[in-house]
Amino acid sequence: MGSMEEKFDEQLLILYASQTGNAMDAAEQLGREAERRGCPSVSVLSIDEFQPIDLPNKEAVIFIVSTTGQGDNPDSMKGFWRFLLQKNLTREWLKGVHYAVFGLGDSSYQKYNFVAKKLDKRLSDLGATAIIERGLGDDQHPSGYEGALDPWMSALWNMLYQKNHKLLPNGPDFVTPDATFIDQPKLQIIYHDIEEGIPPLSKLKYLEMQLERARSMTPGKFSGNDRPDCFLKMTKNHLLSRPDSGKDVRHFEFDAVSSSIDYEVGDVLEVLPGQSPAAVDAFIRRCSLNPESYITVKPRDAENHHFLNPPLSSVKLKSFIELTMDVASASPRRYFFEVMSFFATAEHEKERLQYFASPEGRDDLYQYNQKERRTVLEVLEDFPSVQMPFEWLVQLVPPLKTRAYSISSSHSAHPNQVHLTVSVVSWTTPYKRKRTGLCSSWLASLDPEQRVFIPAWFHKGSLPPPPPSLPLILIGPGTGCAPFHGFVEERALQSKTVSTAPIIFFFGCRSDKDDFLYRDFWLSHSQKNGVLCEDKGGGFYVAFSRDQPQKVYVQHKMREQSMKIWSLLTQGAAVYVAGSADKMPSDVFSVFEEIVSTESGVSREAALRWIRTLEKAGKYHVEAWS
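For clarity, every value in this text was computed on a predicted model and none was experimentally measured.

K.L.:
How would you explain empty space enclosed by the protein if you had to name every residue and give the values?
P.N.:
Following the criterion strictly, the structure yields two cavities of 30 Å³ or more and no others. Computed from the structure, the largest cavity encloses a volume of approximately 40 Å³. Taken together, Val 265, Pro 466, Leu 472, Phe 487, Glu 490, Arg 491 and Gln 494 make up the lining of the largest cavity. With four residues, the top contributor of residues to the lining of the largest cavity is helix α14 (residues 482-494).

K.L.:
An account of the packing of aromatic side chains is needed here, citing residue identities and associated values.
P.N.:
Within this structure, the stated rule accounts for 28 aromatic pairs. Relative to Phe 80, the ring of Phe 63 has its centre 5.9 Å away and its plane inclined at 55°; by these criteria the two rings are tilted. One end of the pair, Phe 63, is in strand β3 (residues 60-66); the other, Phe 80, is in helix α2 (residues 78-84), and 17 residues separate them in sequence. When its relative accessible area of 1% is taken as the criterion, Phe 63 is described as buried. Its relative accessible area of 3% is what places Phe 80 among the buried residues. Ring centres of Tyr 518 and Trp 522 lie 6.5 Å apart, and the angle between their planes is 90°; this geometry places the pair in the edge-to-face category. Of the residues examined, Tyr 518 reaches a relative accessible area of 10% and is grouped as buried.

K.L.:
Can you break down the sheet that holds strand β11 (residues 294-299) residue by residue, with the values?
P.N.:
Taken in spatial order, the three strands line up as β7-β11-β12 in an open sheet, and their pairing is antiparallel. Each of the sheet's edge strands pairs with one partner strand only, and the pair in question is β7 (187-192) and β12 (315-316). Note: β11 against β12, two bridges, orientation antiparallel. Looking at the pairing, Ile 295 lines up with Val 315 of β12.

K.L.:
Run through the packing of helix α8 (residues 334-343) against helix α9 (residues 347-357), naming residues and quoting values.
P.N.:
Where α8 meets α9, the axes come as close as 8 Å, and the angle between the chain directions of the two elements is 150°. If you check the angle between α8 and α9, you find them roughly antiparallel. Crossing of α8 against α9: the hand is left-handed. Residue-level contacts link Arg 334, Phe 337, Glu 338, Met 340, Ser 341 and Phe 342 of α8 to Lys 350, Leu 353, Gln 354, Phe 356 and Ala 357 of α9. Along the lines of polarity and charge, the residues of the contact of α8 with α9 split into six nonpolar, two polar and three charged.

K.L.:
An account of the nonpolar core is needed here, citing residue identities and associated values.
P.N.:
In terms of nonpolar packing, the biggest core is built from 42 residues, with Phe 283, Phe 336 and Phe 390 touching the most fellow members. In this view, Phe 390 contacts Ile 189, Tyr 191, Leu 289, Ile 295, Leu 317, Phe 320, Ile 321 and Met 325; residues no more than four positions away in its chain are not counted.

K.L.:
Any details on the side chain of Glu 490? Residues and values, ideally.
P.N.:
Its location among the elements puts Glu 490 in helix α14. Buried and unpaired, Glu 490 has no salt bridge, with Arg 491 as the nearest side chain of opposite charge at 8.5 Å. Engagement of the side chain of Glu 490 in a polar contact is seen with the side chain of Ser 412, the distance being 3.3 Å. The contact partners of Glu 490, leaving out residues within four places of it in the chain, are Val 265, Ser 410, His 411 and Ser 412.

K.L.:
Give a description of the pairing of strand β9 (residues 249-256) that names residues and reports values.
P.N.:
With seven of eight residues buried, β9 lies mostly within the body of the structure. In this sheet, β9 lies alongside strand β8 (residues 230-239) in antiparallel orientation, the contact comprising seven bridges. Residue pairing for β9: Leu 232 is matched across the bridge by Ala 256. Strand direction decides the pairing type here: β9 and strand β14 (residues 417-423), joined by seven bridges, are antiparallel. Paired with Phe 252 across the bridge in β14 is Leu 420.

K.L.:
Describe in detail the pattern of salt bridges, supporting the description with residues and values.
P.N.:
Following the criterion strictly, the structure yields 29 salt bridges and no others. Across the pair Lys 460 and Asp 267 runs a salt bridge whose closest N-O atoms are separated by 2.9 Å. Here Asp 267 lies in the loop between β9 and β10 (268-271) and Lys 460 lies in the loop between β17 (453-459) and β18 (472-475), a separation of 193 residues in the sequence. Exposure remark for Lys 460: the relative accessible area of 55% places this residue in the exposed category. Notably, a salt bridge pairs Glu 372 with Arg 433, separated by 2.7 Å at the nearest N-O pair. Taken together, the positions of Glu 372 in the loop between α10 (362-368) and α11 (376-382) and Arg 433 in the loop between β15 (426-428) and β16 (434-436) put the pair 61 residues apart, joining distant regions of the chain. Here Glu 372 falls in the buried class, since its relative accessible area comes to 0%. On the basis of relative accessible area, Arg 433 is assigned to the partly exposed category, the value being 22%. One salt-bridge network, in which partners are shared between bridges, spans Glu 146, Asp 150, Arg 334, Arg 362 and Asp 363.

K.L.:
Could you give me a rundown of the layout of surface pockets, with the residues and numbers involved?
P.N.:
Reported here for the second largest pocket is a volume of approximately 680 Å³. Every residue lining the second largest pocket is counted, 20 residues in all, and those nearest its centre are Gln 70, Asp 72, Lys 111, Arg 612 and Glu 615. Among the secondary structure elements, those contributing two or more residues to the lining of the second largest pocket are α3 (114-125), α18 (584-600), α19 (604-616) and β22 (620-625). Among the residues making up the lining of the second largest pocket, the classes are represented as five nonpolar, eight polar and seven charged.

K.L.:
Explain unusual backbone geometry residue by residue, including any values.
P.N.:
Its identity as a non-glycine residue notwithstanding, Asn 113 has a phi of 50°, on the positive side. One non-glycine residue, Asn 416, lies in positive phi territory at about 65°. With relative accessibility at 31%, the residue Asn 416 sits in the partly exposed group.

So, how was this worked out
- Residues numbered from 1 in each chain as written.
- Predicted model: local features only at pLDDT ≥ 70, side-chain atom pairs only at ≥ 80, totals over all residues.
- Heavy atoms only, no water.
- 1 Å grid on protein atoms, 1.4 Å probe; cavity = no way out; pocket = protein on both sides within 12 Å on 5 of 7 lines; lining within 4 Å.
- Points joined across faces, edges and corners; volume = space filled by probe spheres on them.
- Helix = DSSP H or I, 4+ residues; strand = E, 2+ residues; numbered from the N terminus.
- Phe/Tyr/Trp six-rings, centres within 6.5 Å; stacked < 30°, edge-to-face > 60°.
- Buried < 20%, exposed > 50% of the residue type's maximum accessible area, 1.4 Å probe, protein only.
- Pairing = 2+ DSSP bridges.
- Axes fitted to C-alpha atoms, helices over the stretch in contact; angles between N-to-C directions.
- Parallel < 35°, antiparallel > 145°, perpendicular 65-115°, else oblique.
- Left-handed = near helix turned anticlockwise from the far one by under 90°.
- Contact = heavy atoms within 4.5 Å.
- Nonpolar A, V, L, I, M, F, W, Y, C, P; charged D, E, K, R; others polar.
- Core = buried A, V, L, I, M, F, W, Y, C linked by side-chain atoms within 4.5 Å.
- Lys, Arg positive; Asp, Glu negative; His and termini not counted.
- Salt bridge = Lys/Arg side-chain N within 4 Å of Asp/Glu carboxyl O.
- Polar contact = N/O pair within 3.5 Å; in protein donor to acceptor, adjacent residues only side chain to side chain.

Structural measurements only, silent on function.
Structure (structure tokens):
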């Protein structure tokens, strides 16, 4: 491998592609570490802020990329990846460019770290030279992705120094004291005596304005639009599962209150959850903040690339926290503990925080923090001597993120309404602490009479709306049935005016009595002339996993209907799979391979190629969530 010094510009460029914030955290950690090691120029950017046409002019580029869904690129990387796939790019295009790739993934998924692997291969194919073998972070590791990141970073500094001494002029082992890097947060906060320029507004308009202002001030933490597509009001909160069954699955209905809504079946609704008022008040007290003050948050460095839009005027401090900072649900990152150690006045707290922030304390921090899902508020309460400036809190507290749910209604059947099917998430930590999902438990707690305004965004999901003439094979165990509830509603409506193709649907749950979601709905559409009725070539097949000694899953029901599935596939049917990302999607895929092989009399390899062709033709869709 040749030297990088001939045309090297001595800047280390770090590009990240993040969906939930982990890759951004890892990239910023790498950037801080490079600065501490004396790298003269470091730039950390989201990959969508970088022009890919400039890549051949860069000498050393580090990519930190996450894999989402079923091996998908994060949204911010889609344009960059499309550019790299252009056919006119030659095998020499990136000659002289040196790169390294670190991926964040979860080895329980079939396409583990798929994005990092394909990026590494494509960069190499285009003539770039790897500085170091790609690193793969795994959520399943006892320390999460950091279990692989720390050793990978150590090796990276050594290899970078070997390639070009000017990048690390003090050598690969030199590290400056932390203090010089911790006294300047990226943000500054300007306090105002009164709110600027606000005429009297309705409750809804005031919320809309506060939300847009708060989100526009927050440093690159939110993808998408600051302004919601609409505000929703809950009109129905109905328990679908049997009380005391151990599961809490709800059917929610919402009306649009701010503007009319438009969506298609298969689309996704993103909801911004409310936070517990008691938790927000406790955080404000713990941090000695004035909830009634008005603030503007601005970048300390005007060149900061995260701020693409100038912040809008001022916002109430309490509203800013409620709408942008996740104080009582998400766990803080390792850097939070490092910064806390700087502001701890009790020596024993300072030592413990420094240990947590060190590579030696990484595993213990993971057990204390991520495994227990310790919240920012709980961490601050565990270290009472720490008084962090609000600037640091705004920078480091995890952002309050929207939660995405598959829409379970047809807009044609329910104009100006949207329905969701939501399982209320709850679990027990290793230390037997009860935890609940922020958004699902908040939605379940809402009373339709309360008239709470819910900010919402509509997005395309992984399930395109099918035309009425397309035969469908649907597999949706548990809440995976949600999008297909909308599909069946829509096709039932279409069948009144046009000829429609058959649908077969495989549903799975634990038992007939406990969690047979939308039982009456499916059975009514399976009756004579219904869109799921067998007379029309359709069918509804349900697997109860716990109602008999041996477990029965959707895969078993699919095998029983092998001939029918093959018949529909030969008629051009599309396959849609939705539900838990655990093992179900890969198990279902495997059964399809088996069916194609058995029914058509070809080998498993030929069956696999047949299904891959189906995928390429846009007729095999998966929407899975963890």
